Amino acid sequence: MQTRVTAILVARSGAAHLERTLAGLARQTRRPDAIVAVDAGSSDRTAELLAASAPTQLVTTTGKVDFGSAVERALTVAAPAESVNDWLWLLAHDNAPQPAALEAMLRAVEIAPSVAVAGPKLMRWDEPDVIAEYGETMTYYGASIALVEGELDQAQHDVRSDVLGVAAGGMLVRRTLWTALGGFDPALPSVDAALDFSVRARLAGFRVVVVPGAKVASDGGPEMFGRATVSDRRRASSRRAAQLHRRLVYAPAAALPFHWLSLLPLAIIRAIGQLLAKRPGAVGGELGSALAAAFGGSRIGPARRSLKRTKRVGWASIAPLRMPPAAVRERRAQARDAQRIQSTVTVTEARAGFVSHGGLWIVVLAGLIGLISWGSLIGAPSLTGGALLPLSDTVQQLWSHVGYGWRDIGVGFVGAADPFAYVLAVLGSITFWSPSFSLVLLYLLALPLAALGAWFAARKLSTRSSLPALAAFLWAVAPPLSSALSGGHLGAVIAHLLLPWLVLAALNAPRSWAASAGAALLFAATAASAPSLVPALVIALLAWIVARPKSIHRLLGIPLPALALFAPLIVQQVVRGNPLALFADPGVPAPTSPGSPLHLSLLSPSRGLDGWSAVAQSFGLPGVSATVIVAALLLPIGVLALLALFVPGSRRAVPSMILALLGFGTAVAASHLQVEHLGSSAVPVWTGAGLSLFWLGLVASALVALDALGRFAVPVGILTAVTATILVLPLLGSVLLKTAVVEAGSRILPAVVTAEADQHPRVGTLVLTPQPGGALAATVQRGSGATLDDQSTLAATSSSSEATSRRIATVSGNLASRSGFDAGAELTRLSIGFVLLSPDDSAVHKRTSEALDSNALFAPVGATDNGLLWRFDGLANEKAITPVGNTDTALGSLILISQGIVFGMTLLLGIPTARRRRRLAVSGSHPGQPADTFDGDGDND
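Let me begin by describing the structure that accompanies this report. (Residues numbered from 1 in each chain as written. Predicted model: local features only at pLDDT ≥ 70, side-chain atom pairs only at ≥ 80, totals over all residues. Heavy atoms only, no water.)

### Things to note about the overall build of the protein chain
In terms of helices and strands, the protein chain carries 35 helices and 23 strands. With respect to the three principal axes, the spread of C-alpha positions in the protein chain is 120 × 75 × 50 Å. Within the protein chain, buried positions represent 53% of all 941 residues. Expressed as a percentage of contacts within the protein chain between residues at least 6 apart in sequence, the contacts between residues at least 24 apart total 76%. Summed over its atoms, the accessible surface of the protein chain is roughly 40000 Å², and 62% of this surface lies on carbon and sulfur atoms. If you average the places of the 74 positive and of the 60 negative side-chain charges in the protein chain, the two averages end up 5 Å apart. (Helix = DSSP H or I, 4+ residues; strand = E, 2+ residues; numbered from the N terminus. Buried < 20%, exposed > 50% of the residue type's maximum accessible area, 1.4 Å probe, protein only. Contact = heavy atoms within 4.5 Å. Areas by Shrake-Rupley, 256 points an atom, 1.4 Å probe, with all protein chains shown as cover. Lys, Arg positive; Asp, Glu negative; His and termini not counted. Charge placed at Lys NZ, Arg CZ, Asp CG, Glu CD.)

The following block contains the structure:
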């Protein structure tokens, strides 16, 4: 009986491809007996071109329909089938057949009556010698995979015949089988529709083959029908959704509930795997596909009934055509090997350069300078002074202070923790046996750690081997770092150490998800340590996004972890009407006298000009001499930074100078921002963090200038290093000269109080501190004293006189003078067992001491290193208050879970993943084996 072929050409907004496809159809050596053209909702000249080609039938649909539905619409107007030899040839607007394509496929099916589906060799549209796709299969877990793709066609796969599936573009299918199977599954409108149809054809007892002599050019075809471009994220999501649908359709009835229950757990596991594989865009697709399959009202029931109705053979019949796990693993291993070659070379060069180009020796030199400066702290259990306090005694206590819960400051309150609490928890966990010892280690290693980060960052800015070493030294002896160390501004120290790594990660972020995740974590840690830097960092990030618009998907997410940390605090400060308090320095409010813009331009956070004012006074020099000395010492690096704007390659200096300006502007703004309170005095934001960014920009600009100076770079660089070292000598020697406020110590309350706290952990100590002008500051400390990780900017920036604060002020005022006020009941309600009067020689100190001595409620303990101490014994039978932990409330638990999810995903994305290279000789002649190339889209769960 004569073979009859009906070609169905479906087009949607495909005018750019349609002319070539129509020409190929017209040149067929064996012309189709009928052509049904379908305009599936086009918005260009497609309908006009189809009409001009004079098809047998022209169908126009209202609205956009998928490829399978368009074929069904075409069959409603096509002539009815006359025999089992009626065939359908399916083409999309971007499937241009070569002249002998249809003849070759008909020749293959006519000699094999068991063949009901045949597929051509799809070639790339713009590269006719490269195979786009040639046969499809699926893994043992149901993931679709192309047998051959992206290979130069050298007839190496022409021996292949039987396959599990073929693509929809160019498919030749027996019409009676199409009708019996119901066409493509409506639940698979694009990806895997043809593979599913081929599988059902196989299970119905028919063969599916590929025909090497039939070639059809393809530019995507029905797989993503009608879409101009398809992102990898959307393609992966569609493939996963199709895989889950087919899994539920193909599963035995007894296994269906187990497959349904496994959808969400597997989605979570696979989402984690996608993050580890640096494919964050696929995470949403994994979860969305699972949710859609589980709860989206998919057409599982009709598809299962259709399969049961047409199935004639068992699943074992198609098992040899599926790809074995070993072949899938080999493809993935080859893909990883190809991607890792360049990165391996880069890492090897960086390691070699660190030793051979002086990086290691600069780190060692910085370490020696740090030991000389801070060596007296060796063996100290912790540090106190300035903005420093010891950390909690255990790691468990450290982590209990993050999130949302009880803040044990004063009488205590429930509120959001500062993001810096997370930084301290991580830092204290490093020395888990003694968390406070981590502060000592940080001080001892601050200079070499600064040099290490700066060296690696500088390698991105300079082509000369010696300049990264100079940058590392300048960053280690930076005046802002030494000022922060001397004043106990731990957050500014940590921000200074992290800034070079943040710059390095941000520079690599446009081309690496791991670098983007690393930048996000570093951004969060830097922002938490020095909130005043956030505006400058955000501006710099926006500028980087503008400069790299194609990488916006990797750069835009960098601030998200920081936002997750700050969100609870932002809400509370905004509700209180004090949003500027978000820029408050974390830790203990420390009194400072911020310098003028002139001082800040000379890299001095305070009016002391980094200790040079005291040096000038000790030598009897006029006050202006300190300014002249500091300006002279900064002159080399200042001249180099300005020169960088006028030398060859000055374009590289522009971003550095912008960073410098942002840093200086941050410092000036911080000097005028007073949001914290210490007693009756307002405390300005520490300007040293902004000056660190200022110094970073200056150093980077200086490297650009030195790069252009040729043989003069070495002496000028040495001069710059020498003057920078001299500049920070007063600060580096502050511990030896006893001028640093930071000192070794672990007790901020007298030993008597500490001993009592062992039995009653929440015993309160009312600390009275005389203030200038005759005022008296009153604070309440619990247990053995306040810790750095329990400090809160919510308390330090509170400007409202709450009831508890008024109660403390009332008690303190009456205790400081002889009055008839009965303080016993109030002290009991406030759980105060001790009163400590800080040392001072003022009149208010004397008056307060005399009043307490004469008060019958108190028993004098005596003088201690921390001041005069009195005991109040009325608290003996008072029941202790149980604080609200960070997981004791629904809100606290929700905050921790949300932050954990954000940081967990970021950490997974940032973890480097690489496996050992594996090589395996694989033959491409068997349908179940992979071809000589690899496909990175294979799935296996």
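### Focus: the nonpolar core
Counting residues in each nonpolar core, the largest one holds 130 residues, and the members touching the most others are L490 and W695. Considering each element in turn, this core owes the most residues, 13 residues, to helix α27 (residues 688-708). Counting residues in hydrophobic clusters, the runner-up holds 45 residues, among them V59, A78, L181 and A201. (Core = buried A, V, L, I, M, F, W, Y, C linked by side-chain atoms within 4.5 Å.)

### Comments concerning the packing of helix α19 (residues 513-529) against helix α22 (residues 560-575)
As a packed pair, α19 and α22 sit with axes 7 Å apart at the nearest point and diverge in direction by 35 degrees. Counted together, A520, F523, A524, A527 and A528 of α19 and P561, A562, L565 and F566 of α22 form the full contact between these two elements. (Axes fitted to C-alpha atoms, helices over the stretch in contact; angles between N-to-C directions.)

### Comments concerning the pattern of salt bridges
Pairs can form between side chains of opposite charge once their charged atoms are near each other. By the definition in use, this model includes 16 salt bridges. One salt bridge in this structure joins R207 and D162, with 2.7 Å as the shortest N-O distance. Taken as a pair, R207 in strand β12 (residues 207-218) and D162 in the loop between β10 (151-152) and β11 (172-174) lie far apart in primary sequence, 45 residues in all. Judged by relative accessible area, R207 falls into the partly exposed class, the value being 26%. Among the ionic pairs, R239 bridges to D192, the shortest N-O distance being 4.0 Å. (Salt bridge = Lys/Arg side-chain N within 4 Å of Asp/Glu carboxyl O.)

### Section: the side chain of S198
Along the chain, the position of S198 falls in helix α6 (residues 193-203). Beyond its immediate sequence surroundings of up to four residues, S198 is in contact with V117, L164, G165, V166, M171 and V208.

### Brief notes about empty space enclosed by the protein
Sizing a probe to match a water molecule and rolling it over the atoms shows the empty space that remains. The tally for this structure, following the rule as stated, stands at eight cavities of 30 Å³ or more. There is about 170 Å³ of room inside the largest cavity. If you trace the largest cavity, you find 22 residues lining it, with A387, H489, D585, P586 and W686 closest to the centre. Put simply, the parts of the chain that give the lining of the largest cavity at least two residues each are α18 (490-508) and β17 (681-684). Per element, the largest residue contribution to the lining of the largest cavity is three residues, and it comes from α18. For the lining of the largest cavity, the residue count by class is 14 nonpolar, six polar and two charged. (1 Å grid on protein atoms, 1.4 Å probe; cavity = no way out; pocket = protein on both sides within 12 Å on 5 of 7 lines; lining within 4 Å. Points joined across faces, edges and corners; volume = space filled by probe spheres on them. Nonpolar A, V, L, I, M, F, W, Y, C, P; charged D, E, K, R; others polar.)

### Digging into the sheet that holds strand β23 (residues 867-872)
Spatially, β20-β19-β21-β23-β22 is the arrangement adopted by the five strands of the open sheet, whose pairing is mixed. Looking along the sheet, the strands with just one partner apiece sit at the ends: β20 (776-782) and β22 (858-864). Along the sheet, successive strands turn relative to each other by an average axial angle of 20 degrees, direction set aside. Bridging between strand β21 (residues 832-837) and β23 involves four bridges; their strand directions are antiparallel. Bridge pairing links V835 to W870 in β23. Each of β19 (764-770), β21, β22 and β23 touches helix α30 (residues 751-759); the most contacted strand, β23, lies at about 35 degrees to it. Sitting on the sheet, helix α34 (residues 843-853) touches β19, β20, β21, β22 and β23, and the angle it makes with β23 is about 25 degrees. (Pairing = 2+ DSSP bridges.)

### Quick look at unusual backbone geometry
Note: most residues except glycine have negative phi, and most peptide bonds are trans. Even without glycine at this site, A54 takes up a positive phi of about 55 degrees. With respect to the helices, strands and loops of the structure, A54 is situated in the loop between α2 (46-52) and β3 (57-60). Accessibility expressed as a relative area gives 61% for A54, which makes it exposed. For L603, which is not glycine, the phi dihedral falls at a positive 65 degrees. Mapped onto the secondary structure, L603 falls in the loop between α23 (597-601) and α24 (612-618). When its relative accessible area of 1% is taken as the criterion, L603 is described as buried.

### Points about the packing of helix α16 (residues 467-476) against helix α28 (residues 713-727)
Their axes nearest at 10 Å, the elements α16 and α28 cross at an angle of 10 degrees. By the angle class used here, α16 and α28 are roughly parallel. In this structure, α16 uses L470, F473 and L474 to contact α28, whose residues at the interface are G717, T720, A721, A724 and T725. In the contact of α16 with α28, the residues fall into five nonpolar, three polar and no charged. (Parallel < 35°, antiparallel > 145°, perpendicular 65-115°, else oblique.)

### With respect to a nonpolar patch on the surface
Judged by side-chain polarity, L642, L643, L645, F646, V654 and I658 come together as a nonpolar surface patch covering roughly 560 Å² of accessible area. Of all the elements in the fold, those that place two or more residues in the nonpolar patch are α25 (624-643) and α26 (653-671). (Patch = residues over 30% accessible without salt bridge, like charges linked within 9 Å, V, L, I, M, F, W, Y side chains within 5 Å.)

### Quick word on α27
Its 21 residues place the ends of α27 30 Å apart at the C-alpha level, agreeing with the 30 Å of an ideal helix rising 1.5 Å per residue. Of all 21 residues in α27, 20 are buried; the element is thus mostly enclosed. Just downstream of α27 lies G710, where phi reads positive at about 60 degrees. (Expected span 1.5 Å × (residues − 1).)

### Re the packing of aromatic side chains
Applying the stated criterion to the full structure yields 13 aromatic pairs. Taking 5.3 Å as the distance between ring centres and 85 degrees as the angle between the ring planes, the aromatic pair formed by F432 and W433 counts as edge-to-face. Given a relative accessible area of 56%, F432 falls into the exposed group. Judged by its relative accessible area of 56%, W433 is exposed. Seen in terms of ring centroids, W455 and F456 are 5.0 Å apart; in terms of plane orientation they differ by 85 degrees. Their pairing is edge-to-face. The exposure class of W455 is buried, given its relative accessible area of 1%. Note on F456: relative accessible area 23%, which makes it partly exposed. Every member of this aromatic cluster is reached through a ring pair, and the members are F67, W178, F184 and F197. (Phe/Tyr/Trp six-rings, centres within 6.5 Å; stacked < 30°, edge-to-face > 60°.)

### Topic: the pairing of strand β6 (residues 115-124)
For β6, the buried fraction is high: nine of the 10 residues fall into the buried class. Here β6 pairs with β12 via eight bridges, running parallel. Counted as the bridge partner of L122 is V216 from β12. Sheet topology note: the β6/β11 ladder contains two bridges and is antiparallel. Bridge pairing in β11 places V117 opposite V173. Pairing of β6 with strand β7 (residues 130-133), which is carried by two bridges, proceeds in the antiparallel orientation. Pairing of M123 across the sheet is with I131, part of β7. Two successive antiparallel strands, β6 and β7, enclose a turn made up of five residues.

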